[in-house]
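Results of the structural survey
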Amino acid sequence: MTAIRLALRLGRWGLIGFAGVGFFATFVNAAGFYAIAGHTQAERQAFGRSFAQVASQLTVLLPPPSRLDTMGGYVQFRGYGSLAIVFAIWALASASGAARGDEERGLVEMILATGLSRARAIAARIAAFAFAAFVAALAASLGVIVGAIAGGEAFPIDRAIEAAVLVTALALSCYSLVLLVAQLVAPRAATGLAGAVLLGLFLLNSLSRTFDSLTTLRWLSPFRYYELSQPLSPDGSFDVQATLVLFGIAVGAGALATLAFVRRDLGSALISLRTSAGPPTYEPSRALVWRMPVVRGLYDRRISLTVWSVGVAVVAALFVVLTKTMVQPLLAIPGLAQYFAVLMHGAIFPSFLSFIWFGFAQLLLAGFAITQVARWSAEDTDGRLELILSNPVSRTQVVIERAVVLGLGALLIAAVSGVAVGIEAQNESIPLDAGRLAEASLLLVPFALVFAALGALLAARLPRATIGILGVYAFASYLMVQFGPIFKLPDWIQNLSPFKLFGQPLIDGIDRTGLLIMLAIVIVGFAASAIVMQRRDVGA
Amino acid sequence: MPAAAIRTSKLSKDYGLGRGLFDLDLEVLPQEVFGYLGPNGAGKSTTIRCLMGLIRPTLGSAHIFGLDCFRDSVAVKRKVGYMPGDMPQWGSMRGKEVVAYLGGMRGGADPKIVRNVAERFDLDLGRRFREYSSGNKKKLGIVLAFMHRPDLLVLDEPTGGLDPLNQQEFYKLVGETRDAGATIFLSSHILSEVEHTCDRVGIIRSGRLVKVADLDEIHRIRLHRLELEFSPDSEVPEAAIRSAAGVEDVVVSDHTVTCIVRGAFDPLLKTLSGSTVTNLVSHEPSLEEIFLTYYKHDAPSEAIGP
């Protein structure tokens, strides 16, 4: 029990944060349904029909919708489709931290030194995460119930609990899979490889809805078993067998992870290539890059920047490939074809690409910025900043160098993905304005810098809480764009979201006001960060 | 007259609840090796972080070679080599990359010194930081602090984690660096360590400087707790031991004697000449014990209060 309590304590901020995210996501969706779907049965059926036509095309990424004329069906599609991804990301971060991060910090060594067996240590982490995930999933269910009450309806508690069990099962299966993968490779590669495995399993299931050749393999993906249940929808059901498979994956992967953990040395990978030890070196690296400000930061991040650039470019190309697949069925609906022709001035494919790709690219660039800010916070809490500042560099210089490195990194990612979109669009015969594509891709840089500037300010003041606060802000900003128009929020509130400020540059060109506001946030944020940094204690 | 290498005036950092650093007046002369001695939590690292401009003092000032440690922190750090108490994590970076990264940031790092120090401590710079043992991490900290021939070295518990041979090598390096004209300010919580290397020692306790002593006084402060076992057929010279100069707190139990020896061992050893001693163990008491014993006899009681 002590080990479980310790694991819960180590993960308490994750529990609190994801419970908050879960509650907020489902509540906003539930309340949003009542705001936009109308009040009569006829209005809701009409809403459900029209929304289903659009929603069915998003099944490339999200599970197919059911009964969108009901709050339950709507939240199941909009809320729980995304929650699966959010909880999987939580499982990734939590499990890779438990498997390798705590090991790097020496915590696992100390825990095992108390006499706790490795099997029990892993079991305690899995049990603690299961508890935390269930509590967070219950919070999400509570959001549905409270949203229903706000809309003047009652929602069956048993279905809300089934939804919580389903999300918990998925999160737990992802957690155990990450625990297993993290045992196989070196600590520095664990999170990346486990993330790639989860992403692969997610895409395997998602893309199998579009590409028939993948259907024979989708049983491998836990996301497949997740989407077999739709407990919130009146026509849906809770598939006990599929949910048990998810728990089975959790138990099986957990057992294999335990076996691997028992067989490997602490700090090492289960699978490692034997390298021959060369003669010792007493010379410092003579590479010039270490002596050049900014370049040294980029060089230090060369692997992660390459992974980000290639990864984002691959996803970008995939979106371009899928654009026609997704849009053409919509064009077959006579009313919608007319609607698209009027609304999008005939440029249907570019408009769709703008909406779906650049919407997703913003999320990715926000994620990139947050990972870099996380690194700044880690520099502070791990003591690297103290050692950096023991050199003759000013604190302002540190802030500026961080900003420039992040900006150039974002530029690289945006440029590579822009080129990928351009090339693939040409292959797919989607007419894109090259200038607009370049503008839209470049606009991702100030967009990323907005998160970086806010992160820099937070990292200078509250390094330990930075990532949590910035993550919540990013999530709230994204929801603001989704729900601001539904709830008729004032423009100035919606403009607090960088996603709103970004606009639709591929179709409409750059929104200069939005760009100016973003640049203002960037300048003020980094300037304030430099001032706060100047005044604060480091290493205290 | 040249500026003091380090000068603090009423330097204070108040963390509340009596924790922190209070009214520190300290002067370290150029080319001096100054030991900063105190138990854990006494305020050594706080003092060092104030000197490095990492934390802002609540009151008072700190100057290095006449430069204000906070206002002129960039200029100060050009002259200083710093080694933190705990080396931060550099993950998968290799030792040589850490040296190049921080050396590039600082400028003026001398590859010859890097090679020399790394060789002396047998530190393989080709290995990744996460593969280093705690001793190797300390050695990397030593390389980073010495690599640019600083005028002043500020070293926070530099020998913790080093084995005795490397400790000796470190003491030699400190001596050579001092002889080359540098000033060294090093903190420790072990009296015998600073005794090896330092010209003067400042003793800090509960955030207050309680004593600045030169080497002679250090020897006087220094004491050992001894445990002597006599052969069953040998008489214990209890009276002689009790009356020996520098011997205190004598406790006799059967054929075992425990006592504290202050200063030289010679007077005690002379009392044992007619007896058969089967075992003799000497412990260096903790700094706290030394303080308590020292102040019980030699200092006004108010001097040790916080």
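About the cut-offs
Residues numbered from 1 in each chain as written. Chains lettered and ligands numbered in written order. Predicted model: local features only at pLDDT ≥ 70, side-chain atom pairs only at ≥ 80, totals over all residues. Helix = DSSP H or I, 4+ residues; strand = E, 2+ residues; numbered from the N terminus. Buried ≥ 20, exposed ≤ 12 C-beta atoms within 10 Å, placed from the backbone. Contact = placed C-beta atoms within 7 Å. Rg over C-alpha atoms; globule rule 2.2 N^0.38 Å. Pairing = 2+ DSSP bridges. Nonpolar A, V, L, I, M, F, W, Y, C, P; charged D, E, K, R; others polar. Axes fitted to C-alpha atoms, helices over the stretch in contact; angles between N-to-C directions. Domains from an automatic or database assignment. Core = buried A, V, L, I, M, F, W, Y, C linked by C-beta atoms within 7 Å. Parallel < 35°, antiparallel > 145°, perpendicular 65-115°, else oblique. Left-handed = near helix turned anticlockwise from the far one by under 90°. Expected span 1.5 Å × (residues − 1). pLDDT = per-residue confidence, 0-100.

1. Things to note about the overall build of chain B
Across its full length, chain B carries eleven helices and 14 strands. Evaluated residue by residue, chain B yields a buried proportion of 42% over its 306 residues. Taking contacts inside chain B between residues at least 6 apart in sequence as the whole, the part at least 24 apart equals 70%.

2. Focus on the overall build of chain A
Of the regular secondary structure elements, chain A holds 22 helices and zero strands. Taking 2.2 N^0.38 as the reference for a compact globule, 540 residues should give roughly 24 Å; the C-alpha atoms of chain A span a radius of gyration of 24 Å, in line with that estimate. Principal-axis analysis of the C-alpha atoms gives chain A an extent of 75 × 55 × 45 Å. In chain A, which comprises 540 residues, the share counted as buried stands at 45%. Taking the contacts inside chain A whose residues are at least 6 apart along the sequence as the reference set, 76% of them involve residues at least 24 apart.

3. Considering the sheet that holds strand E5 (residues 67-68) of chain B
Residue and element names in this part refer to chain B. Here four strands make up an open sheet; going across it, the order is E2-E1-E4-E5 and the pairing antiparallel. The open sheet has two free edges, formed respectively by strand E2 (19-28) and E5, since each of these has just one partner strand. Where strand E4 (residues 59-64) and E5 come together, two bridges link them in antiparallel fashion. Bridge pairing links Ile64 to Leu67 in E5.

4. Topic: the interface of chain B and chain A
Counting from both sides, the interface comprises 34 residues of chain B and, opposite them, 29 residues of chain A. Where the side of chain B that touches chain A is concerned, the elements lending two or more residues are helix H2 (73-79), helix H3 (95-106) and helix H4 (111-120) of chain B. Among the residues making up the side of chain B that touches chain A, the classes are represented as 16 nonpolar, six polar and twelve charged.

5. Notes on the environment of Glu27 of chain B
Residues and elements named next belong to chain B. Relative to the helices and strands, Glu27 is located in strand E2. Along the chain, Glu27 and Ile6 lie 21 residues apart, while their C-alpha atoms are 5.5 Å from each other. If we skip the residues at most four places from it in the chain, Glu27 touches Ala4, Ile6 and Arg7.

6. Some thoughts on the sheet that holds strand E10 (residues 208-214) of chain B
Sheets are built from strands paired through backbone hydrogen bonds, the pairs being either parallel or antiparallel. Residues and elements named next belong to chain B. Read across the open sheet, the six strands follow the order E6-E7-E8-E3-E9-E10; overall the sheet is mixed. One side of each edge strand has no neighbouring strand; the edge strands of this open sheet are strand E6 (80-83) and E10. For this sheet, the mean angle separating the axes of adjacent strands, direction not counted, is 15 degrees. Of the pairings in the sheet, the one linking strand E3 (residues 33-37) to strand E9 (residues 200-205) comprises four bridges and is parallel in character. Of the residues in E9, the one forming a bridge with Gly35 is Val201. Its contacts with the sheet place helix H1 (residues 44-51) against E3, strand E7 (152-156), strand E8 (183-188) and E9, and it is angled at close to 145 degrees to E7.

7. Some remarks on the domain arrangement of chain B
Taken domain by domain, chain B consists of domain 1 (6-219) and domain 2 (222-304). Between the C-alpha centres of domain 1 of chain B and domain 2 of chain B the distance comes to 35 Å.

8. Describing the domain arrangement of chain A
Entries for chain A in the domain assignment read domain 1 (1-269) and domain 2 (291-540). Placing a centre on the C-alpha atoms of domain 1 of chain A and another on those of domain 2 of chain A gives a separation of 25 Å.

9. What to know about the pairing of E2 of chain B
All names here are of chain B. Where strand E1 (residues 6-16) meets E2, seven bridges bridge the pair, whose relative direction is antiparallel. Paired with Asp14 across the two strands is Gly20, which belongs to E2. Hairpin connection, E1 to E2: the antiparallel pair is bridged by two residues, and Leu17 has positive phi, about 55 degrees.

10. Some thoughts on the nonpolar core
Judged by nonpolar contacts, the single largest core of 145 residues is most densely connected at Ala448 of chain A together with Val143 of chain B. The element that contributes the greatest number of residues to this core is helix H17 (residues 434-461) of chain A, accounting for 18 residues. In this structure Ala448 of chain A touches Leu365, Ala366, Phe368, Ala369 and Ala410 of chain A, once residues within four positions along its chain are discounted. Judged by nonpolar contacts, the second largest core, of 82 residues, contains Ala133, Ala139, Tyr175 and Tyr226 of chain A.

11. Focus on the pairing of strand E13 (residues 256-262) of chain B
Moving residue by residue along a regular strand, the side chains alternate between the two faces of the sheet. Residue and element names in this part refer to chain B. Of the two faces of E13, only the one carrying Val257, Cys259 and Val261 is buried; Thr256, Thr258, Ile260 and Arg262 on the other face are not. Pairing geometry for strand E11 (residues 223-230) and E13, over seven bridges, is antiparallel. Bridging from a neighbouring strand, Leu226 pairs with Cys259 of E13. Pairing of strand E12 (residues 247-253) with E13 involves five bridges; the strand directions are antiparallel.

12. A closer look at H1 of chain B
All names here are of chain B. A large share of H1 lies buried, amounting to eight of its eight residues. Along H1, the residues classified as buried are Lys44, Ser45, Thr46, Thr47, Ile48, Arg49, Cys50 and Leu51. Among the residues trailing H1, Gly53 stands out with phi positive, at a value near 70 degrees.

13. Details of the packing of helix H14 (residues 348-381) of chain A against helix H16 (residues 395-427) of chain A
Residues and elements named next belong to chain A. At a minimum axis distance of 11 Å, the contact between H14 and H16 shows a crossing angle of 155 degrees. On the basis of their axis angle, the class for H14 and H16 is roughly antiparallel. Crossing hand, H14 versus H16: right-handed. On the side of H14, the interface is formed by Trp357, Ala361, Leu365, Phe368, Ala369, Gln372 and Trp376, while H16 contributes Arg402, Leu406, Gly409, Ala410, Ile413, Ser417 and Val421. Residue composition of the contact of H14 with H16, by class: ten nonpolar, three polar and one charged.

14. Some remarks on unusual backbone geometry
All names here are of chain B. A positive phi angle is found at Gln31, which is not glycine, with a value near 65 degrees. Structurally, the position occupied by Gln31 is in the loop between E2 and E3. We note that Asp254 has phi near 55 degrees; this positive angle belongs to a residue other than glycine. Mapped onto the elements, Asp254 comes out in the loop between E12 and E13.

15. Concerning helix H22 (residues 512-535) of chain A
All names here are of chain A. The end-to-end C-alpha distance of H22 is 35 Å, a good match for the 34 Å that 24 residues give at a rise of 1.5 Å each. Buried within H22 we find Met518, Val522, Gly525, Phe526, Ser529, Ala530 and Met533. Where H22 is buried, its residues touch H16, H17 and helix H20 (498-502).

16. Points about the packing of H14 of chain A against H17 of chain A
For any two helices packed against each other, one specifies the inter-axial angle together with the distance between the axes. Residue and element names in this part refer to chain A. At their nearest, the axes of H14 and H17 sit 9 Å apart, and the two run at 30 degrees to each other. For the element pair H14 and H17, the recorded crossing hand is right-handed. Taken together, the residues that form the contact of H14 with H17 break down as 17 nonpolar, four polar and one charged.

17. Quick word on the environment of Val251 of chain A
All names here are of chain A. Along the chain, the position of Val251 falls in helix H10 (residues 240-263). Of the residues examined, Val251 has 14 C-beta atoms within 10 Å and is grouped as partly exposed. Separated by 283 residues in the primary sequence, Val251 and Gln534 place their C-alpha atoms 50 Å from one another.

18. Notes on the confidence of the model for chain B
Residue and element names in this part refer to chain B. Residues of chain B with pLDDT of at least 70 account for 92%, and the chain-wide mean is 88. Across residues 299-306 the pLDDT falls below 50, and counting only partners more than four positions away or on other chains, this stretch makes 13 contacts in the model. The ipTM value of the predicted complex is 0.82, and its pTM value is 0.80.

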